[in-house]
Structures are given as structure tokens and as C-alpha cells.
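Close look at the chain arrangement
The primary structure of each chain is shown beneath.
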Amino acid sequence: MDAADILASVLVLGIIIVSLLSNVVVLICFLYDPEIRKQVPGLFILNLTFCNLLLSVSNMPLTLIGLITTGHPGGSDFCQIVGFLDTFLTTNSMLSMAALSIDRWVAVVFPLSYHSRIRHRDAVLALAYTWIHSLCFSTVATCRSWVGYHHLYASCTLCNVRARAAGTQFIIFTVALHALTFLLTLIVLCVTYLKVLKVARFHCKRIDVITMQTLLLLVDIHPSVRQKCLDEQRQRRQRAIKKISTFIGTFVVCFTPYVITRIVELFSPWPISPHWGVLSKCLAYSKAASDPFVYSLLRHQYRKTCNLLANKVLKRSPLNSSSLRMENTAARCQNNSNTTNNIQPTANKPVCP
């Protein structure tokens, strides 16, 4: 192993740990909080979490073993199963992100009719499509023996060496796979989230107009209060842009290098560096570690559930902790007061805060 392989192994190991821990926390929050389970986006997040967890325990460890041993991990049949999972889980997770973006678009653009437009039945139908879509591509690749250990990515995945005899068929299949998964999801993300941003900016402008009219009416308002209102307006606009940039940016950064490398590999007469191939695969894996934070753990409902679970594990209640401290302080004050009265009967009683 050279230094690059050691760094790649450490990177994959870190991605595995973060992905397992964060996705398990999301799964626990979903099972613990009935409010999360009632929400339609919770089904899409559950499906995304399932794909990320399965990817973390099946494909990532084999890539780590391939980097350490610099060889083929497991037998050919086992690698074909893992390659099937690689295609299925990656495709399924991308389509789940597209479904989440459509759900957010409907919620923002049609807030009053959201519950009639997006129901649990609609979410189940959308998830059924993502599974059928993913199964079709992964099943075709496995039945045609186009999956196997690829040394360029140090993982069991689509392998052009095994599909060399297929020629044009494999090229058409690979291009169609990435066009109907990566490109389709990217278009859906851009269209829906940019429309969401447009609506959010429109509402922010309306709020800004009302705020400015109110500030003009309040002539005697302190300058610091007026400046605080203006700062809050600017922060609202920045938060909306930041969220949209995070949704689209993480998808582009994590998946684009891997997809471009796959397409270039089909047509380029020159060999691609194995270090770049492994790095692009690690970036694709890192999406499984970042999804829990992008879609779940940074939201208020999940943070609240995490705090409740942490308090439950630590055997303490956040609601009763402050009152318990006040009761203990009052009890100590009362004891000190009684002691002082017994020693100095003529002195004034101490006053406790």
C-alpha cells in the first residue's frame, strides 16, 4: 500500500463510521417519534436512510478491504451480489432525493392544498416507482454479467472489462442508467428547489415591505431596533439560499465526479488514474454520510427528538431539571436560615434569592 491507498482507506473508514452512526440516529428518531412517522416526507427519508445503511454495511466495507489487500475481495458470485446492490441502492437513493424535492416544492407552492395533493398513498406509489426503476437497471446488469470487481474503483460495481464483449450494448446501458438517474434527479432538484427559492424570495419581499411600512410608522423607534429588523430580513434571505445551495450542492459535488468518470471511461482511449477512480467513488459514498444531516438531523423536529432521546438515556428530564435545581436551592436556604436562627436568635433571617 502506498500513501494514497492509506489515505483512501482512512477516508473510507471515516465515511463508514459517520454514515452508520448518523443514519442509525435518523432511523431511531423515525421509530421513536410518532409525529415524524405521520409526515409524508418521513417515508422518503426512511427509504433514503435504508439505502444508505445497506450501502454502508455491504459496499463500503468491501471497498475498504479492496484498498487494504489491493485485490479482489470475496468470490465472483458474492461480488456480483454486491455489485447488484451498488447499482440498486445508488439509483434508489438518487430517486428518493428527487421525490423529497418534489414534496418540498408542493409544500411551498401549494401550502393550503398540500395534504390533499401529497398523501401517504402517493408517497408509497412514488417509492414503488423508485424501487421498480432501480430493480430494472440492477437486474439487467446482473443478468448480463456486467457487474464485478472493478480495480479502478476498488469496488464491486458495473465493470466494463466484464462487458467488453457486449460493446455498444453496455455503452447504451451505462449512458441510459446515468441519464435516467443522475441527470434526471439533478434536473428535478434544480427545477423544484429553484421554484421553492423563487416563492421564498417573493414571501420575503412581502414581509420586507410590511416591515418597512411598520418601521416608517414608528417614528420614535430606536435605531438599534430598526437595524435588528433589517438584519433579520437579510438573514431570512440568506437562510433560504443556503438551504437550496446545500441540497443541490451536496448532490453535485458527491455524484458528478463519479458519473463523469464513468462516462469518460467508456470513450477515452487513455487509462484513468486508479487514485482518481477511488476518490470519485469515495465522494459518491460520502453522500450516504451527509444525507442524514442535509435532510434530517438539522431540522427542528429531529433535533428535538434527539434531545429527548439523549435526556432519556442520561436519565434526566430537561423540563424538570431547572425546577429541581430551584427546589434544592430553596431547601438549602431554609436549612441555613434555621441554623442561623438557632445560633443568633436576635439576628435578622438571611434572605435567599
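Residues numbered from 1 in each chain as written. Predicted model: local features only at pLDDT ≥ 70, side-chain atom pairs only at ≥ 80, totals over all residues. Heavy atoms only, no water.

Some points on the state of the cysteines
Note the cut-off: The term disulfide is used for any two cysteine sulfur atoms that are within 2.5 Å. The numbering of helices and of strands both runs from the N terminus, where a helix is a DSSP run of H or I of at least 4 residues and a strand a run of E of at least 2. Each residue's exposure class comes from its accessible area (1.4 Å probe, protein chains only) as a fraction of the maximum for that residue type: buried when under 20%, exposed when over 50%, partly exposed otherwise.
One pass over the full model with this rule turns up one disulfide. Covalently, C79 is tied to C156 through a disulfide, its sulfur atoms 1.9 Å apart. Here the disulfide of C79 and C156 is left-handed, its torsion about the S-S bond being about -110°. Here C156 lies in strand 2 (residues 155–158) and C79 lies in helix 4 (residues 76–109), a separation of 77 residues in the sequence. The pair C79 / C156 is uniform in exposure class, with both members buried.

Topic: the packing of helix 1 (residues 3–32) against helix 9 (residues 274–297)
Our working definition: Where helices are involved, their axes are fitted lines through C-alpha atoms of the stretch in contact, as for all axes, and angles between N-to-C directions lie from 0 to 180°. Oblique is the label for any angle not under 35 degrees, not over 145, and not in the 65 to 115 range, which are roughly parallel, roughly antiparallel and roughly perpendicular in turn. Less than a right angle of anticlockwise turn of the near helix away from the far helix marks a crossing as left-handed, whereas a clockwise turn marks it as right-handed. Residue contacts are defined here by distance: any two heavy atoms, one from each residue, within 4.5 Å place the two residues in contact. Side-chain classes follow a simple rule in which Ala, Val, Leu, Ile, Met, Phe, Trp, Tyr, Cys and Pro form the nonpolar group, Asp, Glu, Lys and Arg form the charged group, and the remainder, Gly included, forms the polar group.
Running from N to C, helix 1 and helix 9 cross one another at 20°; their axes reach a closest spacing of 9 Å. Comparing their axes, helix 9 and helix 1 come out roughly parallel. Handedness of the helix 1/helix 9 crossing: left-handed. Seen from helix 1, the contacting residues are A4, D5, A8, L11, V12, I15, V18, S19, S22, N23, V25 and V26; seen from helix 9, they are H275, V278, C282, Y285, S286, A288, A289, P292, F293, S296 and L297. Classifying every residue of the contact of helix 1 with helix 9 gives 16 nonpolar, six polar and one charged.

Notes on the UniProt feature "transmembrane region" (unreviewed entry) in the protein
Inclusion rule: UniProt positions are given in the numbering used here, feature names are shortened, and annotations may be inferred rather than shown by experiment.
In the numbering used here, UniProt assigns the "transmembrane region" (unreviewed entry) feature to residues 6–32, 44–68, 126–147, 170–196 and 244–264. Annotated as residues 44–68, this span is 100% helix and 0% strand, and its ends, taken at the C-alpha atoms, are 35 Å apart. Regarding residues 126–147, the helix share stands at 82% and the strand share at 5%, and the terminal C-alpha atoms are separated by 27 Å.

As for the side chain of T185
Counted only if it meets this: We call two N or O atoms a polar contact when they sit within 3.5 Å, provided that within protein one can donate a hydrogen and the other can accept it, with sequence-adjacent residues counted only if both atoms are side-chain atoms.
Summarising the element assignment, T185 is placed in helix 7 (residues 168–217). Among the polar contacts made by the side chain of T185, one reaches the main-chain carbonyl oxygen of M94 at a distance of 3.5 Å. Not counting residues up to four positions away in its chain, the partners in contact with T185 are M94, L95, A98 and F251.

So, the packing of aromatic side chains
Formally: Pairing of aromatic rings covers Phe, Tyr and Trp, the last counted by its six-membered ring, and requires centre-to-centre distances within 6.5 Å; plane angles under 30 degrees mean stacked, over 60 mean edge-to-face, and any other angle means tilted. Note on geometry: a ring has a charge over it if NZ (lysine) or CZ (arginine) is within 6 Å of the ring centre and within 35 degrees of the ring normal.
Applying the stated criterion across every chain yields a total of twelve aromatic pairs. Pairing W105 with F110 gives two aromatic rings, centres 5.7 Å apart and planes at 85°, and the pair type is edge-to-face. By relative accessible area, F110 is classed as partly exposed at 26%. Aromatic rings pair up to connect F50, F84, F88 and W131 into one cluster. Across from the ring centre of F110, 4.0 Å away, lies the NZ or CZ of R117, which sits over that ring.

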